[in-house]
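Letter by letter, the chains look like this.
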Amino acid sequence: MKRNNDSLANSLIMAPWWVSVILGILVYSGLKFVAPGLGGENMIFKPIAQAVPQLAPYAGVFFAMLAVFSYIFGRKQAALVDKQQSLDSLCAVSWKEFEWLVGEVFRRQGYRTEESLGGGADGGIDLILHRDGQTTLVQCKRWKSKAVGVPIVREIFGILTAENADRAIVITTSKFTKESENFAAKKPIELIDGHRLLELVKSVQTQRTEAPQVQKAAPEQVSTPDSCAIPQCPKCNSTMVRRTARRGANAGNAFWGCTDYPKCRSVISIES
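Analysis parameters
- Residues numbered from 1 in each chain as written.
- Predicted model: local features only at pLDDT ≥ 70, side-chain atom pairs only at ≥ 80, totals over all residues.
- Heavy atoms only, no water.
- Helix = DSSP H or I, 4+ residues; strand = E, 2+ residues; numbered from the N terminus.
- Buried < 20%, exposed > 50% of the residue type's maximum accessible area, 1.4 Å probe, protein only.
- Contact = heavy atoms within 4.5 Å.
- Areas by Shrake-Rupley, 256 points an atom, 1.4 Å probe, with all protein chains shown as cover.
- Axes fitted to C-alpha atoms, helices over the stretch in contact; angles between N-to-C directions.
- Parallel < 35°, antiparallel > 145°, perpendicular 65-115°, else oblique.
- Left-handed = near helix turned anticlockwise from the far one by under 90°.
- Nonpolar A, V, L, I, M, F, W, Y, C, P; charged D, E, K, R; others polar.
- Salt bridge = Lys/Arg side-chain N within 4 Å of Asp/Glu carboxyl O.

Visitor: Which parts of the structure should I look at to understand the overall build of the chain?
Guide: Tallying secondary structure elements over the chain gives 10 helices and 8 strands in all. Burial analysis of the chain (272 residues in total) assigns 41% to the buried set. Look at the contacts in the chain between residues 6 or more apart in sequence, and 58% of them connect residues 24 or more apart. With an accessible surface of roughly 15,000 Å², the chain has 57% of that area assigned to carbon and sulfur atoms.

Shown next, in the form of C-alpha cells:
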C-alpha cells in the first residue's frame, strides 16, 4: 500500500542519506560512461547517446541535494524523539512532526517505515510499517484531551481488511473510549494511548550525557536499595526515569535521572 502523494524525491528524503549517495554515483556513472556506447552506429540514437553525458553533472547535483535533505530530515526526526519528556511536549509538536516522531520511534525498533512529506491532518493511514514479512498500518491522532472514539477504530479496521494488511495501530496523545477498546479487542488492532506512547518514546531515546551527570552531580545523589520502585526527584519532586550511563567511569551502571533534565540534574544511583 503506497501513499498517494509518494514521489521519488520524497521517498529518498525519507530514506537514509547514503541511499541517495549510492544512487547518485550509479546514475552519474551510467550517464557519463555507459550511455555513450549505447547508440552504436545508429544515425538517430548515436547523437542522443553522445549528448547524454552532459546531463551527468546535473544528476549528480540532484542526488547530492537529496542526500543533504535526507541527512537534515533524519537529524530532525531524531531530535524530535530525544527531546520528548512529557505528554505536553508531545502535544506541542505539529501534526506532521508527530507523524515523523512516531515513524522514528518505530524505525528505532527495527521497522522499515513508509511515510510522506505531504498530506494533511485528516483521517486515513499515516504510516506503513514493515518487519519480519508483516505489514502494519498506523494512524496517528495528536489530540490534547478528546478521546478517540469507536468510529476511528472501525475506519482503520475497514482499511486493514481492504488492504489485506496484517495488523493496525492507532496512536494518540490522549486516550480511547471504552467502546473503542471493546471494538479493538480480539482484532489485530493495537491501541496506544498517551501514557503508553510516552513510555515507548522514552524506551528508544538515546542518552548521551548520563555519565557526566552522575559524576558532576555527586552531592545530589541519594542511594536507594529498591531498583524496581520509581522514586521521586529529591530536588524538585518530579518523577524519575531509569537510565544507563554510556560513558566515563560509571559506564554501564544504571541510575535514576530526573525527567526535568536539563533544568534539574538530580540523579539517584541504583545499587546493584
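Visitor: Looking at this model, I keep getting lost on the packing of helix H6 (residues 95-108) against helix H9 (residues 194-204). Mind explaining?
Guide: Geometry of a packed helix pair, given as the angle between the helix axes and the separation of the axes. Direction vectors running N to C along H6 and H9 enclose 55 degrees, while the axes themselves pass 9 Å from each other. On the basis of their axis angle, the class for H6 and H9 is oblique. Read as a crossing pair, H6 and H9 show a hand that is left-handed. Of H9, the residues touching H6 (which contributes Phe98, Leu101, Val105 and Arg108) are Leu197, Leu200, Val201 and Val204. Grouping the amino acids of the contact of H6 with H9 by side-chain chemistry returns 7 nonpolar, no polar and 1 charged.

Visitor: So what exactly am I meant to see when it comes to the pattern of salt bridges here?
Guide: Pairs can form between side chains of opposite charge once their charged atoms are near each other. Here the structure, examined in full by the defined rule, presents 7 salt bridges. Where Arg131 meets Asp132, a salt bridge forms, and the shortest distance between an N and an O atom there is 3.9 Å. With relative accessibility at 32%, the residue Arg131 sits in the partly exposed group. A relative accessible area of 71% places Asp132 in the exposed class. With a shortest N-O distance of 3.2 Å, Arg167 and Glu190 are connected by a salt bridge. Placement of the pair is Arg167 in strand E4 (residues 167-172) and Glu190 in strand E5 (residues 189-192), with a sequence separation of 23 residues. Since its relative accessible area comes to 22%, Arg167 is described here as partly exposed. On the accessibility criterion, Glu190 (26% relative accessible area) is partly exposed. A single network of salt bridges, built from pairs that share partners, joins Asp82, Glu104, Arg107 and Arg108.

The values reported here are purely geometric and, on their own, carry no functional implication.
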